[in-house]
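Now for the letters of each chain:
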There are 4 protein chains.
Amino acid sequence: MEGSDPMPDAVKSGVDAAEARFWTGNHYNEGGFQEEIFDKAKEECGVFGVFGHPDAAGLSYYGLHALQHRGEESCGICASEDGEFHYHRGMGLVKEVFDRDRLGALKGDRAIGHVRYSTSGSSKLGNAQPLVFKYRDGDLAVCTNGNLVNEPVIRRELEEQGSIFQTSSDTEVIAHLIARSPKDLVEAVKDAFARLIGGYAFLIMTKDRLIAACDPNGFRPLVMGRLGEAYIFASETCALETIGAEFVRDVQPGELLVLDKDGLREERFAKMERRAVCAMEYIYFARPDSDIYSVNLHSARKRMGQQLAQEAFVDADIVTGVPDSSISAAIGYAEQTGIPYELGLIKNKYTGRTFIQPSQELREKGVKMKLSAVRKVVEGKRVVMIDDSIVRGTTSLRIVNMLREAGATEVHVRISSPPFMNPCYYGIDTPNPADLIASTKSVEEIRKAINADSLYFLSKEGLIDAVGGHDGEKNRGLCLSCFDHDYPTKVEFELAKATSCSCD
Amino acid sequence: MEGSDPMPDAVKSGVDAAEARFWTGNHYNEGGFQEEIFDKAKEECGVFGVFGHPDAAGLSYYGLHALQHRGEESCGICASEDGEFHYHRGMGLVKEVFDRDRLGALKGDRAIGHVRYSTSGSSKLGNAQPLVFKYRDGDLAVCTNGNLVNEPVIRRELEEQGSIFQTSSDTEVIAHLIARSPKDLVEAVKDAFARLIGGYAFLIMTKDRLIAACDPNGFRPLVMGRLGEAYIFASETCALETIGAEFVRDVQPGELLVLDKDGLREERFAKMERRAVCAMEYIYFARPDSDIYSVNLHSARKRMGQQLAQEAFVDADIVTGVPDSSISAAIGYAEQTGIPYELGLIKNKYTGRTFIQPSQELREKGVKMKLSAVRKVVEGKRVVMIDDSIVRGTTSLRIVNMLREAGATEVHVRISSPPFMNPCYYGIDTPNPADLIASTKSVEEIRKAINADSLYFLSKEGLIDAVGGHDGEKNRGLCLSCFDHDYPTKVEFELAKATSCSCD
Amino acid sequence: MEGSDPMPDAVKSGVDAAEARFWTGNHYNEGGFQEEIFDKAKEECGVFGVFGHPDAAGLSYYGLHALQHRGEESCGICASEDGEFHYHRGMGLVKEVFDRDRLGALKGDRAIGHVRYSTSGSSKLGNAQPLVFKYRDGDLAVCTNGNLVNEPVIRRELEEQGSIFQTSSDTEVIAHLIARSPKDLVEAVKDAFARLIGGYAFLIMTKDRLIAACDPNGFRPLVMGRLGEAYIFASETCALETIGAEFVRDVQPGELLVLDKDGLREERFAKMERRAVCAMEYIYFARPDSDIYSVNLHSARKRMGQQLAQEAFVDADIVTGVPDSSISAAIGYAEQTGIPYELGLIKNKYTGRTFIQPSQELREKGVKMKLSAVRKVVEGKRVVMIDDSIVRGTTSLRIVNMLREAGATEVHVRISSPPFMNPCYYGIDTPNPADLIASTKSVEEIRKAINADSLYFLSKEGLIDAVGGHDGEKNRGLCLSCFDHDYPTKVEFELAKATSCSCD
Amino acid sequence: MEGSDPMPDAVKSGVDAAEARFWTGNHYNEGGFQEEIFDKAKEECGVFGVFGHPDAAGLSYYGLHALQHRGEESCGICASEDGEFHYHRGMGLVKEVFDRDRLGALKGDRAIGHVRYSTSGSSKLGNAQPLVFKYRDGDLAVCTNGNLVNEPVIRRELEEQGSIFQTSSDTEVIAHLIARSPKDLVEAVKDAFARLIGGYAFLIMTKDRLIAACDPNGFRPLVMGRLGEAYIFASETCALETIGAEFVRDVQPGELLVLDKDGLREERFAKMERRAVCAMEYIYFARPDSDIYSVNLHSARKRMGQQLAQEAFVDADIVTGVPDSSISAAIGYAEQTGIPYELGLIKNKYTGRTFIQPSQELREKGVKMKLSAVRKVVEGKRVVMIDDSIVRGTTSLRIVNMLREAGATEVHVRISSPPFMNPCYYGIDTPNPADLIASTKSVEEIRKAINADSLYFLSKEGLIDAVGGHDGEKNRGLCLSCFDHDYPTKVEFELAKATSCSCD
């Protein structure tokens, strides 16, 4: 791997090993769908809630559709009509799971909904959210985005006390804690949350209340809006925009918002600890038209690109971004350097879950799946290729090679985030640390592994500056633990849980 | 209704009211299927289990297929491979829910499976069985056939203790009771069953055991067989026959059979109380090629027909049965009387769930759905029409009229069971008592309501004699409560539950 | 095969060879369904037409549903609304292909419809009927039941003249002949039919006419009925009964009935040649509640059983029929002999196209698919087993063995038709003559091959007498060519076509 | 409409009328899918062919996937294995219609495939291509992209000669012409094409040949490539790139390329008439990574944007493009003017055929479907919005209003093509001329109708210059008839056909 060979064997075999995962990774899960493992930290989940609108389920449909990028595997909506719950969940995209009849049956003026990303192996309809339970006070629907570090500990305790579980979801644990508390619902929820360690946004619906909550560090975004008299909750502001709702404010770390017939009650179940908003939300996850703590994501990413240009200018003919997530940063890089921004890479927008992957033979012969390089644009050009992150490195190598085969004379890779080195405990699905290329290789080694002429990762400081807009804290309230191993919460437990979203 | 008019208005409006239910009763349930409400006590559920065969799920598939008549709405199989559970459940028939891939994925040498009948309103995938839980000792799969009278009482208690429920199934209650017991599994199961009142057959699978149990009165049939070294459990012997297994014995009332690596252990959780096998199993539910307590159903039904002929001979030209369930009794009636047995009524075997019901207008014009009378067979004939039961009376009226329109000069109705007057608490889905025609009308009134020339119901004694084969008890170990209101268990509770199978 | 071994090797290997076909014969056709090859001459097709009813497509739905036994593979309806054609076709049963929306879209007061049986290898949606064409005078829809012997000759001629074909159906040939004729439609149809040799029933719909026709020998049944003012055509009377229509008369051999705004016009395109109604319609195909030339099928089959009893009485304990098609004959045999008629064999009514066939291993272990013997009924008994025909013999062997394994001490097979020895050219799908067991073996050899204690086939004369009811011709107007090789039409051509229904 | 009101009533009602179409335009077609009518000239169709590759169907799958933007309604592939044709067609996207089994069954080393766009009303599986026929020399498969102006005339003639048609497709007409010719296939094809007037690309496959042809004006693109020894044909070069094939050359106007066992034969069926490549291919249809006559589409569109900036500069704060088709032009406009390029509009990439459209009420409340404006990006900004065309104007109005509601202080619309005023006869689905806003309104009137602060359409000369790269002809070989009414072929016929792709 250290050789000077421009495309050493190890690189190829590195590709092959990764590719092997790529192809064998395709499998039919229980819901009947075929899934592709791609070299990205995976998006986690999204939640959406409505209180006080006659078509609460309809709004949820459009809201969840706007949050679809946060989870493509399954989705669900639970509506409440005078305390009677109607719900439907299914495998697939929002537009696939619901038709007019199914949606029309979800009557009521309150609803919570969920889109779920799956880790391989747990693609089951049974894990689709919201989970709906019956407990002593009636119906209880819960959905969540994030991960509870100490979920296995609590689950073990609950099992010892005789609890049974039908899913592997954190959400079910919460429901047990709530149901086992002898207190009033709001107090029970507070008690339950006080036991949790991790990063999460929760929506809870009972026959007479809707509760929204955010973990004490604020890892996962959750916003509140208004649409006429109705209250809306959503993982991202783009969902508010989609339904024409007005943004009111972010749900604060440690906060518990309770809606019932008396309106909104703002409570806390914990004081805010060090604010630690997931940096990957800014870098990659959230939609560019969303704002987190009033910072627009497209603008933040553009600033990351500008910052990257300042830190690592390279003379080149064109700048291109890896679609779709790196477009904003590429625009920023181009604007800062004056190098023209071009569509050097095109993504086939029709690729999806059910697409048949090419055979090994066809792939070796050059069949592309998702991305193509645009020969006429890159031929004979020195290319700056902007990407948002490198996880395993295999996709980067593929894209660099694709650009070279299309005639690029030089390929300079610029990454709009620092090297991704540590597993996440707060809801991002990360590979085994051994598979994180930055945890085992130097930047120069990565450069060789991805066959680039040069490679630069945005500095942590540059990232913080680009996000900007936060208070005076040194890291401006971001969780950067995947880059710097500085975990905002305790993470060591007898039974720790990492690398997956809590809804698994 | 008391008038001498051969087809009084009340009859017609009776039809219309019933028909209204008929047509509006069609609805799309959550699984997307359309259901037809027919004038029968509904079949309940069936269970099947395998211990010690390399293709346990495959056998379950064929076994459940043989039990399909016990429940057409949903089905499922859970297999265990070295303690790892694989399961699949879905809405629809066994042949619809499973394909080769899904079935092939259910690896393991143990399995339990279920076919489920639904009451309207609870047609949900979430209620499909087996239910699979995680508890302190690992995985737990449960399926059941029957009904627990005191389920609401226990559920209330469990909720007060902090339990949460995801289904409305009795099965989930059992799982909670088991998980909450601090004792060893077998003792925990015994304790749990000791609390239950009702009629049920249970199959329970854990990582190392398979348990079969039958309620202390033996309401619901459950048999054990062997296939080579493997043990098989099934609701009916026809499922043993289908897979080529040998019948060993009926599971006795109050008995608990435990299979693990040490083989079979025969235990009891209760002494047998008064044996009370559901008479409707003999009359209508079970397949004619099954045996219950070694009494073959076809033969028993034929004896019912013979008995009916002795009790209520009528001079006629032909005997015909309402297909499919009354064929055996009709053959018996014909054999006893010497009147030729003919196919006077033909059932369209392709009718099913997704069939589009004719519009009111087409129906009025005479469009038939399921049954047709065979004009050339019945024209100018005095017909004895044998049916197994009358529930609401609406279907009987339709069939009698159909025979008359086809030219029958007389239609004499003979029913191979006593009048159905009382709700069932042990697993049969019965209508509201007010809708049971025999609970509000005399035999003569029913005769008029169904437009028959004569009507006779088999006597209770005749029924008991026809079933025969049992021990010396007066009623030979049958539950006849739907005929005589003599319920074998306590049925009054603050929260009683009737008229549905426990798996709802 | 000639040995005295009660179950010689050849028998077993005969089974195996057949079984091999059985299992490898399962395949996914283009429509996505799995098909089972069973040892029966296959049912062919059914047609249904309506002229002058506001819900013509709705009636066709129920009519085709009643004819479903004539073809389960695909179906279709084409309705005409003021000359505008609306049609839908699909793979599967009527109830599967149509839903309310699809059926509701077929507006118009005229319609023709079709159910199609497929031969293996040509299971394509493209072959589903009615075929709908555009020609110089507008739309043309055609559907047919039967087979044209000289279709390949005509097709070759048409191709030489520049015709193109999209299907392998006889129906398309007819459409070409009609479109190429310069004459008026009715004359063009007559000319076209004058060229055809074979057995067929046709329904043709144009913008202003509906035409029904039957071949000059009357091989395939076709009847006319009235429902109020509307005219109805159907392959069998049971479809008239189902929709409440009144039977008017059979369409006569060589007859052409034309319906247009002026009402019914009765024409002929050929004089009736020797009448030759397919005997297999009487023996096996048509529904027992249908009448052909006013002979009821149940009654005719019962007479076949009675005749069989007279020709081949055997002392036995019970008579049982192979369900469903041999029930009537078994009743007749029992009635004639006084031996009790019993349900010794039970068919699983849920088996169907998508059912997963058991693996070789499971089958060897005794897993049954469709039929089970009822142990308690046959155990220790001398059984007379009535079947309607023996084609390859493999199924008969399976059933005889099944009865023996269930304890029958003797199994006497009685077949309600003569030995099936010759291929059919008129619409029945028959195997390669070499696979017709009666074409290569004597009755005694067949008896051994199917492992029966005795075997008897109904005599040709007995069959003719049992059908009865016809005119004074010696064979009473039946086509018995599959038994006696006396083909009513020329069948030798350079390019002959046999053993399939014309709609393939 | 002429008033000075910034948002006059007529504008609103214009919206409403258009919206009405929008919502009522959603319908279920025969294939069961829901379609949305959007304000764009619709993409037409795409063809793909392989000769000489062992996995011809597999390559076609990936090639058609790359051409999916040319037709989303139905698709199909026909492969030839030693002259035996295997094909599959279906409604939906390539990834939906084919699964591994279906694709795997299409064996052979030659294949042709098609993606089809549908006009409303003709969404039928029967129209899916390739169409496959049998004619005197065996099988014949044909697929096409484009439109034949004189198809109705030829069809009428063929009908008069006795031809029958099963589809409304131009493709079937060609097959008839070929089959009716007494000549050798290649001569027959030449004769057939000599009769056609229109714009088209054809692929024809017989048992031993594959033929590709392009109309004499070259309206529709068709390219040839090589992949190893195999020949590839595709509507666009992006499909070559996707499968790793090398571009060889464009198929020339009037050219006929024949592949058989002797390799490639280059013939002509007509001399090239005035070259007239569809300008809309450059402006909007083709993928940005494709080249037509060696002009890259992204680059050409970027030049259109630059040209637009030169012709109609406006002082503004940001430039944004309407995704996805106007991105390249927006980048060009930004680069030329120095105004920053931003993502002011975001498209939800998950929207598709089955998406449930919001109710009138939700829409009025602001629910967005496909596009959202990014508030933080446009708020308080003067926006230049680049779009590629205006057809009805309704979508432009929606987007302008969306930008205003998100806070844009000014919205200047720049269109990268001239006003679209005339129907297309060569394969673009255009609305009724009365619905083309530019055919009835002046630019100033359109500006008001879409509520823009300023509006400019690219000049015809500017468009020609931007496409560039062609020979010395005045209009550089483009068909600009939709802008200037200068149709390159005769278009007046007794029975003319316009506004649809020939494959309808």
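In this text the structure is predicted, and so the values were computed from the model without any measurement.

### Concerning the interface of chain D and chain C
With 28 residues of chain D at the contact, the number on the chain C side is 27 residues. Roughly 2,300 Å² is buried in total at the junction of chain D and chain C, and carbon and sulfur atoms are behind 48% of that figure. When residues of chain D are sorted by the area they lose upon contact with chain C, Lys134(D), Ile164(D) and Gln166(D) head the list and together hold 28% of the total. At the junction of chain D and chain C, the tally comes to zero salt bridges. Counting across the chain D and chain C interface gives four residue pairs in polar contact (both at pLDDT 80 or more). Residue assignment for the side of chain D that touches chain C shows that the elements contributing at least two residues are strand E3 (84-91), strand E5 (131-135), helix H5 (151-160) and helix H6 (170-180) of chain D.

### Overview of the sheet that holds strand E3 (residues 84-91) of chain B
Residue and element names in this part refer to chain B. On the basis of which strands lie adjacent, the open sheet formed by seven strands has the order E3-E2-E4-E1-E10-E9-E11 and antiparallel pairing. This sheet does not close on itself; its edge strands, each paired only once, are E3 and strand E11 (246-250). In this sheet, adjacent strand axes meet at a mean angle of 15 degrees when their direction is disregarded. This element, helix H2 (residues 56-66), spans strand E1 (45-51), strand E2 (74-81), strand E4 (110-116), strand E9 (223-227) and strand E10 (230-234) of the sheet and lies at about 155 degrees to E1.

### Section: the domain arrangement of chain A
Residues and elements named next belong to chain A. One can read the domain layout of chain A as domain 1 (42-274) and domain 2 (296-348 + 366-478). Contacts between the two partners involve 12 residues from domain 1 and, on the opposite side, nine residues from domain 2. Buried area between domain 1 and domain 2, both sides added, is near 800 Å², and the carbon and sulfur share of it is 53%. At the boundary of domain 1 with domain 2, the tally comes to zero salt bridges. Remark: the boundary between domain 1 and domain 2 carries two residue pairs in polar contact (both at pLDDT 80 or more). Of all the secondary-structure elements, those providing two or more residues to the side of domain 1 that touches domain 2 are strand E6 (138-148) and strand E7 (198-206). Partitioning the side of domain 1 that touches domain 2 into residue classes produces three nonpolar, five polar and four charged.

### Here's the deal with the pairing of strand E17 (residues 318-321) of chain A
Residues and elements named next belong to chain A. Neither face of E17 is exposed, since Ile318 and Thr320 on one face and Val319 and Gly321 on the opposite face are all buried. Looking at chain direction, E17 and strand E20 (residues 382-387) are connected through four bridges and run parallel. Looking across to E20, one finds that Val319 is bridged to Val384.

### As for the relation of the copies chain D and chain C
Turning chain D through 180 degrees and shifting it by 0.2 Å along the axis lays it on chain C, with an RMSD of 0.1 Å. With respect to symmetry, the two chain copies, as superposed, fit the operation of a two-fold axis. Within chain D, Ser163(D) has its C-alpha nearest the rotation axis, a separation of 3.6 Å. Most of the interface of chain D is mirrored in chain C: 96% of its interface residues are interface residues there too.

### Considerations on the interface of chain A and chain D
If you look at the interface, chain A gives 65 residues, while chain D gives 65 residues. Interface area lost by chain A to chain D is led by Tyr62(A), Tyr350(A) and Ile356(A), which between them contribute 14%. Counting the contacts that link chain A with chain D gives four salt bridges. For Glu342(A), the salt bridge is made with Lys302(D), and the minimal N-O distance between the two is 2.0 Å. Inspection of the region where chain A meets chain D yields 20 residue pairs in polar contact (both at pLDDT 80 or more).

### Some words on the pattern of salt bridges
Where side chains of opposite charge bring their charged atoms close, a pairing between them can arise. A full pass over the atoms with the stated rule returns 116 salt bridges over all chains. With a closest N to O distance of 2.7 Å, Glu236(A) and Arg70(A) form a salt bridge. One end of the pair, Glu236(A), is in the loop between strand E10 (230-234) and helix H8 (237-243); the other, Arg70(A), is in the loop between helix H2 (56-66) and strand E2 (74-81), with 166 residues separating them in the sequence. On the basis of relative accessible area, Arg70(A) is assigned to the buried category, the value being 1%. For Glu281(B), the salt bridge is made with Arg70(B), and the minimal N-O distance between the two is 2.7 Å. Taken together, the residues Glu281(B) in helix H9 (residues 279-285) and Arg70(B) in the loop between H2 and E2 connect sequence positions 211 residues apart. Glu281(B) sits in the buried class, given a relative accessible area of 0%. Through salt bridges with shared partners, one network takes in Asp184(A), Glu187(A), Lys190(A), Arg209(A), Asp260(A), Arg265(A) and Glu267(A).

What counts and how
- Residues numbered from 1 in each chain as written.
- Chains lettered and ligands numbered in written order.
- Predicted model: local features only at pLDDT ≥ 70, side-chain atom pairs only at ≥ 80, totals over all residues.
- Heavy atoms only, no water.
- Contact = heavy atoms within 4.5 Å.
- Buried area = accessible area lost by both parts, 1.4 Å probe.
- Salt bridge = Lys/Arg side-chain N within 4 Å of Asp/Glu carboxyl O.
- Polar contact = N/O pair within 3.5 Å; in protein donor to acceptor, adjacent residues only side chain to side chain.
- Helix = DSSP H or I, 4+ residues; strand = E, 2+ residues; numbered from the N terminus.
- Pairing = 2+ DSSP bridges.
- Axes fitted to C-alpha atoms, helices over the stretch in contact; angles between N-to-C directions.
- Domains from an automatic or database assignment.
- Nonpolar A, V, L, I, M, F, W, Y, C, P; charged D, E, K, R; others polar.
- Buried < 20%, exposed > 50% of the residue type's maximum accessible area, 1.4 Å probe, protein only.
- Least-squares fit on C-alpha atoms with pLDDT ≥ 70 in both.

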